[in-house]
Amino acid sequence: RIETAHETLASLARRLSDKRKKAARDFSARVEQELAGLKMDKTRFDVEFSVLPAGNAAEPLLTVDGAGVDETGLDRAAFLIAPNVGEPLKPLAEIASGGELSRVVLALKAILAGRESVGTIVFDEVDAGIGGETAEVVGRKLLDLSAYHQVLCITHLPQIAKFGHHHYKIEKEVSQGRTTTRIRALSKKERIQEIARMTGGEKITDKTLAHAKEMLESASHS
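About the thresholds
- Residues numbered from 1 in each chain as written.
- Predicted model: local features only at pLDDT ≥ 70, side-chain atom pairs only at ≥ 80, totals over all residues.
- Heavy atoms only, no water.
- Buried < 20%, exposed > 50% of the residue type's maximum accessible area, 1.4 Å probe, protein only.
- Helix = DSSP H or I, 4+ residues; strand = E, 2+ residues; numbered from the N terminus.
- Pairing = 2+ DSSP bridges.
- Expected span 1.5 Å × (residues − 1).
- Bend = angle between axes of the 7 residues up to and from the residue.
- Contact = heavy atoms within 4.5 Å.
- Patch = residues over 30% accessible without salt bridge, like charges linked within 9 Å, V, L, I, M, F, W, Y side chains within 5 Å.
- Areas by Shrake-Rupley, 256 points an atom, 1.4 Å probe, with all protein chains shown as cover.
- Salt bridge = Lys/Arg side-chain N within 4 Å of Asp/Glu carboxyl O.
- Axes fitted to C-alpha atoms, helices over the stretch in contact; angles between N-to-C directions.
- Parallel < 35°, antiparallel > 145°, perpendicular 65-115°, else oblique.
- Left-handed = near helix turned anticlockwise from the far one by under 90°.
- Nonpolar A, V, L, I, M, F, W, Y, C, P; charged D, E, K, R; others polar.

A. Examining the pairing of strand S9 (residues 178–185) more closely. With zero of eight residues buried, S9 is to be regarded as a mostly surface element. Note that strand S8 (residues 168–175) and S9 share eight bridges and pair antiparallel. Residue Lys169 lies in a different strand from S9, and its bridge partner there is Arg184. Adjacent in sequence and paired antiparallel, S8 and S9 are bridged by two residues, among which Gln176 carries a positive phi angle near 55°.

See the structure below:
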């Protein structure tokens, strides 16, 4: 019975490995397509597979084709990325900057939306190195993702902030020689003021207020 179970294990592990490798090709192409809309249009993305090392003390019945096998199969997958033209693919975890990593995660989550049980996703620096039309695309992508997850986004761009269902302002103040940080929800009027400040700086005019109101109205109709 043990030998029969091992044959079944080996068959399932091989089938799972084959399916992963086939899925990885389409997945990589979809990630590159998503990244193209997030101002990373020259980025190459790939999935590299390796097998679990069996080791000298490995139980023969827990090995398949000379590789170790556990409850997740015999594969280990690593995401590779080349953000710049002419660079080789390297592990995402080792070379991606904060802004690049946030956008890659956004691309991955957009593809996997509706399939995951993760309740809350936090994006920090998702707006690094972008602006204008690209920021608008990122904001819409975050809005789409909020249909499946609670999305918390730290941003300095009004083009992204306008898409939030709620807007919070983080403030620092010095009291009795100590710096404290507080966060508070903005009212509709305060939100217009904040979007205007993000758009035009400290000097807020009637024109920047009107533009901020128009931005929020356009986002609510998205």
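The rest of the description comes next.
B. Focus on the pairing of strand S1 (residues 44–53). Bridging between S1 and strand S4 (residues 75–82) involves eight bridges; their strand directions are antiparallel. If you follow Asp46 over to S4, its bridge partner there is Leu80. For S1 and strand S3 (residues 67–68), the ladder comprises two bridges, and the chain directions are antiparallel. Within S3, the residue paired with Leu52 across the bridge is Gly68.

C. Region of interest: helix H1 (residues 2–36). Counted at 1.5 Å a residue, the expected span for H1 with its 35 residues is 51 Å, and the 50 Å between its end C-alpha atoms agrees. If you look at H1, its biggest bend is around 25°, right at Ala24. Along H1, the residues classified as buried are Ala10, Ala13, Ser17, Ala24, Phe27, Ser28, Val31 and Leu35. Along its buried surface, H1 packs onto S1, strand S2 (63–64), S4 and helix H3 (98–112).

D. Structural detail: a nonpolar patch on the surface. Residues Tyr168, Ile170 and Ile183 make up a contiguous nonpolar surface patch of roughly 340 Å² in combined accessible area. Relative to the helices and strands, Ile170 is located in strand S8. For Ile170, a relative accessible area of 54% puts it in the exposed group.

E. Summary view of the pattern of salt bridges. Across all of its chains, the model carries 12 salt bridges by this definition. The shortest N-O distance in the salt bridge between Arg14 and Asp65 comes to 2.9 Å. Of this pair, Arg14 sits in helix H1 while Asp65 sits in the loop between S2 and S3; the two residues are 51 residues apart in sequence, bridging distant segments of the chain. Arg197 is the partner of Glu194 in a salt bridge, and the nearest nitrogen-oxygen pair spans 2.6 Å. With Glu194 and Arg197 both in helix H6 (residues 188–200) and three residues apart, the pair spans about one turn of that helix. Residue Glu194 is classed as buried on the basis of its relative accessible area of 8%. For Arg197, a relative accessible area of 29% puts it in the partly exposed group. When salt bridges that share partners are traced, they join Lys169, Glu171, Arg182, Arg184, Glu190, Glu194 and Arg197 into one network.

F. Spotlight on the packing of H6 against helix H7 (residues 206–220). Running from amino to carboxyl end, H6 crosses H7 at an angle of 110°, the nearest separation of the two axes being 8 Å. By the angle class used here, H6 and H7 are roughly perpendicular. The element H6 and its partner H7 pack so that their crossing is right-handed. Here Arg191, Ile192, Gln193, Ile195, Ala196, Thr199 and Gly200 of H6 lie close against H7, whose contacting residues are Thr208, Leu209, His211, Ala212, Lys213, Met215 and Leu216. Grouping the amino acids of the contact of H6 with H7 by side-chain chemistry returns seven nonpolar, five polar and two charged.

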